[in-house]
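# Inside the fold
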Amino acid sequence: MLTHDALTRDVSQRINRIQAMMAEKDLGAIIIVGGGAPGGLGALRYITNVHLWGGAAYGVLGSEDPDPWLLVWSSYQGVWSRNETTTQKDRVISPGDIVGETTNLARNYAEKSRRIGMVNMNKLLSVGEHAKFMAALNGYEVVEVTDAYNTIRQIKTPFELEALQQNGAILDGCLD
């Protein structure tokens, strides 16, 4: 059944698979780059269920912490996101310096390994944002892991398959 509780359990299983990939690559943290535009939502939504409608957003996941952080550019987007996300409400924040807070969280998780993965780093970051991230992560090895992350996302969970079937039935009914 497609309930929020079922989605929360499903997201927990997704996070476990992402963290297994992180362990293989010796990553202390990953930063997921997202945004409220076509092509910018899926990776971040996969582990938070966030519905972004504009602006930059970042997720931070520690290799052993089952609860991701969601950082959004707008306090109003933060309020909106807390109502729908599977992430703990107190981990949805809209800091004044979103890049600074994102990198602080990631560095705290990666103190031992000194390795931080980034999803969509080369796809969604502007040149200026990329430079801010690289400066803030100086001394850490930053690893692009978009392909590994997306490989995990391609294998659909039973929850996702049920959602696809229900959406297909709705579309079929509308077309009829």
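Since the model is a prediction, treat every value here as computed from it, not as a measurement.

With that settled, consider the pattern of salt bridges. Tallied over the full model, the rule gives three salt bridges. A salt bridge links R14 to D10; the nearest nitrogen and oxygen atoms lie 2.7 Å apart. Residue R14 and its partner D10 are located together in helix α1 (residues 4-24), separated by four residues, close to a single helical turn. Residue R14 shares its accessibility class with D10, and that shared class is buried. Put simply, R91 and D65 hold a salt bridge, and the shortest N to O gap is 2.8 Å. Highlighted residues: R91 in the loop between α3 (75-82) and β4 (92-93) and D65 in the loop between β2 (56-62) and β3 (69-72), separated in sequence by 26 residues.

Bringing unusual backbone geometry into the picture now. Trans is the prevailing form of peptide bonds, just as negative phi is the prevailing case for residues other than glycine. Positioned with a positive phi, N49 is a non-glycine residue whose angle comes to about 65°. Tracing the backbone shows N49 in the loop between α2 (42-48) and β2. Unlike most non-glycine residues, N120 shows phi in positive territory, near 70°. Within the secondary structure, N120 sits in the loop between β5 (115-119) and α5 (121-124). Judged by relative accessible area, which is 7%, N120 ranks as buried.

Judged by nonpolar contacts, the single largest core of 27 residues is most densely connected at I18, I30, I32, L44, I47, L61 and Y149. Where this core is concerned, the elements lending two or more residues are α1, β1 (29-35), α2, β2, β3 and α7 (146-154). Leaving out residues up to four positions away in the same chain, I30 has contacts with I18, M22, G59, V60, L61, G117, V145 and Y149.

Considering every residue of the protein chain, the mean pLDDT works out to 91; 97% of them sit at 70 or more. Across the protein chain, the element-wise mean pLDDT spans from 82 in helix α8 (residues 158-175) up to 98 in helix α4 (residues 98-109).

This part is about the sheet that holds strand β6 (residues 141-144). Spatially, the six strands line up as an open sheet ordered β4-β3-β2-β1-β5-β6, and their pairing is mixed. The outermost strands of the open sheet, each flanked by one partner alone, are β4 and β6. Bridge analysis of β5 against β6 gives four bridges, and the strand direction is parallel. Note on β6: the bridge partner recorded for G117 is V143. In this fold α7 packs onto β1, β5 and β6, with an angle of close to 60° to the strand it touches most, β5.

What follows covers a nonpolar patch on the surface. A cluster of nonpolar side chains, W53, W73, Y76 and W80, forms an exposed patch at the surface whose accessible area comes to about 490 Å². Here W53 shows up in the loop between α2 and β2. Accessibility expressed as a relative area gives 41% for W53, which makes it partly exposed.

The rules we used
Once a new chain begins, its residue numbering starts again from 1 and follows that chain's sequence as written. Per-residue local features are limited, in this predicted model, to residues with pLDDT of at least 70; the limit for side-chain atom pairs, both in listing and counting, is 80 or more; totals at the level of whole chains, interfaces and linings are taken over all residues. Values shown for side chains rest on all heavy atoms present in the structure; no hydrogens or waters enter the calculation. When a carboxyl oxygen of Asp or Glu lies within 4 Å of a side-chain nitrogen of Lys or Arg, that pair is called a salt bridge. The helix count covers DSSP runs of H or I at least four residues long, the strand count covers runs of E at least two residues long, and both are numbered beginning at the N terminus. Using a 1.4 Å probe on the protein chains alone, a residue whose accessible area is under 20% of its type maximum counts as buried, one over 50% counts as exposed, and one in between counts as partly exposed. Residue types Ala, Val, Leu, Ile, Met, Phe, Trp, Tyr and Cys, when buried and joined through side-chain atoms within 4.5 Å, form a set referred to as a nonpolar core. Residues count as neighbours in contact if any of their non-hydrogen atoms are within 4.5 Å of one another. Note on scores: pLDDT gives the predictor's confidence for each residue, bounded by 0 and 100. Strands were regarded as paired on the criterion that DSSP finds at least two bridges between them. Axes here refer to lines fitted to C-alpha atoms; in helices the fit is confined to the stretch in contact. Angles between the N-to-C directions go from 0 to 180 degrees. Residues enter patches when their relative accessible area tops 30% and they take part in no salt bridge; the joining distance is 9 Å for like charges and 5 Å for the nonpolar side chains Val, Leu, Ile, Met, Phe, Trp and Tyr. In short, Shrake-Rupley with a 1.4 Å probe defines the accessible areas, and a residue's cover is counted only from the protein chains shown.

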